[in-house]
Amino acid sequence: MSAPAKIAVYSVSDLKNTTDDALPNYLSSLQFKQSHKLTDVRLLLGYTAVLISGALFYFDWKQGWDVTKPYTLPAVVAYFILNGAFTWWIWRVERGVVFMGDVGGRKIRISSRTEKHKPIYFLTVDYDSEKGKPQEIQIQASFTRWFTSEGYFVAKPFQQWLASEVPLIGEQDPSNVVEEIGRGNVNEEKGMASGVGDGRSPPTRKRKV
Amino acid sequence: MLSALGGFQPRQLATQVLNFALVLSTAFMLWKGLSVVTNSPSPIVVVLSGSMEPAFQRGDLLFLWNRGMDTQIGEIVVYNVKGKDIPIVHRVVRRFGGGSTPLQILTKGDNNAADDTELYAHGQNYLNRVEDVIGSVVAFVPSVGYVTILLSEYPWLKTAMLGLMGLTVVLQRE
């Protein structure tokens, strides 16, 4: 959240990417410990494939086709198996995970997605409840809540949204929990664009009852 | 624009670099896969000269097949001459041997007055089917290969294109 970057507010993927990046930053700033297991496996699969192809390229360039011919088929097969595993990992295993980690032994896993041409941020949150039971909740919010009309990300309302909607995050960051009535962003409810004039003050007012 | 790279976390940077590397390596491995299937070191070639007109024009893209070594007269083959690294596309006009002895062939460009003996390596009067030929032409697409002629005649275009490709892949996320 240092050096605020301006994005194009009409680009849903810009909105999503910026928010995806902000989410782990926020959770790490609390007591959450991030696990990079999924990313690391994906990187390992990808780079192994690239390494095989790089080795074949170098070998082929130095020795020529007649020498490399017997190694080419195994290398090509291995490459495409790894490449397939890489794709499978992204689509079937990661499935849009933006944060995986735990706090005090309680696991949390957050996946994000957007729908085409809709400025709505969908999150699926799997976490361990207070009793240690795994729970899943689906939450969604309009990007207008934490982006100004100029395209600047404002952290506060985003954090308030997460802390209020996800109990596990709320427990870690009680000061950002706001009651349903206090979050009222009148403009948003009326379906109007809720840009903030100066781009600095958060668009929501905390009004606890 | 480039400042976008500076803000990345190490894993994010590794991901972006990987995306670029995967684009290049997939293209290379598809090419190599095609090489294995066709048994040819260079399964797709671009016609560089007009020596086979009117059959092929400069810039036509040819698909080669190098299995089945019993090449007949009239087939169009692509061969490399030892010591020269530009493949030549010409038609087979004579064949000698075959069977238990190695098949030898003589080629000629349709648009050339004489056969290819002049083009072969010094002292070579025919081609060895197994050693010199990299495949027979089985299909072609007109003109689309002209881009590569431009790229090889103006090498800076190649650098510019590669740089542009790299930049796009690294900077965009979807």
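Residues numbered from 1 in each chain as written. Chains lettered and ligands numbered in written order. Predicted model: local features only at pLDDT ≥ 70, side-chain atom pairs only at ≥ 80, totals over all residues. Heavy atoms only, no water.

Here's the deal with the overall build of chain B
Phase 1 of the analysis: Looking only at helices and strands, one finds five helices and seven strands in chain B.
Phase 2 of the analysis: For 174 residues, the compact-globule estimate of 2.2 N^0.38 gives 16 Å, and the C-alpha radius of gyration of chain B, at 21 Å, exceeds that figure by more than 25%.
Phase 3 of the analysis: If one aligns the C-alpha atoms of chain B with their principal axes, the spans along those axes are about 65 × 35 × 30 Å.
Phase 4 of the analysis: Considering only contacts within chain B whose residues lie at least 6 apart along the sequence, 56% involve residues at least 24 apart. (Helix = DSSP H or I, 4+ residues; strand = E, 2+ residues; numbered from the N terminus. Rg over C-alpha atoms; globule rule 2.2 N^0.38 Å. Contact = heavy atoms within 4.5 Å.)

Description of the interface of chain B and chain A
Phase 1 of the analysis: The interface is formed by 22 residues belonging to chain B together with 26 residues belonging to chain A.
Phase 2 of the analysis: Together, Arg 11, Leu 18 and Met 29 of chain B form the three largest contributors to the area buried by chain B at its contact with chain A, with a combined 29%.
Phase 3 of the analysis: The interface formed by chain B and chain A holds two salt bridges in total.
Phase 4 of the analysis: Arg 11 of chain B is the partner of Asp 40 of chain A in a salt bridge, and the nearest nitrogen-oxygen pair spans 2.7 Å. (Buried area = accessible area lost by both parts, 1.4 Å probe. Salt bridge = Lys/Arg side-chain N within 4 Å of Asp/Glu carboxyl O.)

Here we look at the pattern of salt bridges
Phase 1 of the analysis: Here the structure, examined in full by the defined rule, presents twelve salt bridges over all chains.
Phase 2 of the analysis: Of the charged contacts in the structure, one is a salt bridge between Arg 91 of chain B and Asp 110 of chain B, with a shortest N-O distance of 2.8 Å. Residue Arg 91 of chain B is found in strand S4 (residues 88-98), and its partner Asp 110 of chain B is found in the loop between strand S5 (101-108) and strand S6 (127-128); the two are separated by 19 residues along the sequence.
Phase 3 of the analysis: Asp 110 of chain B sits in the partly exposed class, given a relative accessible area of 30%.
Phase 4 of the analysis: One network of salt bridges, with partners in common, ties together Arg 113, Glu 115 and Lys 118 of chain A. (Buried < 20%, exposed > 50% of the residue type's maximum accessible area, 1.4 Å probe, protein only.)

Regarding the domain arrangement of chain B
Residues and elements named next belong to chain B.
Phase 1 of the analysis: Segmentation of chain B into domains returns domain 1 (2-38 + 147-171) and domain 2 (44-143).
Phase 2 of the analysis: Here domain 1 and domain 2 have C-alpha centroids that lie 33 Å from each other.
Phase 3 of the analysis: Tallying the contact residues gives eight residues for domain 1 and ten residues for domain 2.
Phase 4 of the analysis: Carbon and sulfur atoms make up 57% of the area that domain 1 and domain 2 hide from each other, which totals about 700 Å².
Phase 5 of the analysis: Of all residues in domain 1, the largest losses of buried area upon contact with domain 2 belong to Trp 31, Thr 38 and Ile 149, amounting jointly to 59% of the total for that side.
Phase 6 of the analysis: On the surface where domain 1 and domain 2 come into contact, there are one salt bridge. (Domains from an automatic or database assignment.)

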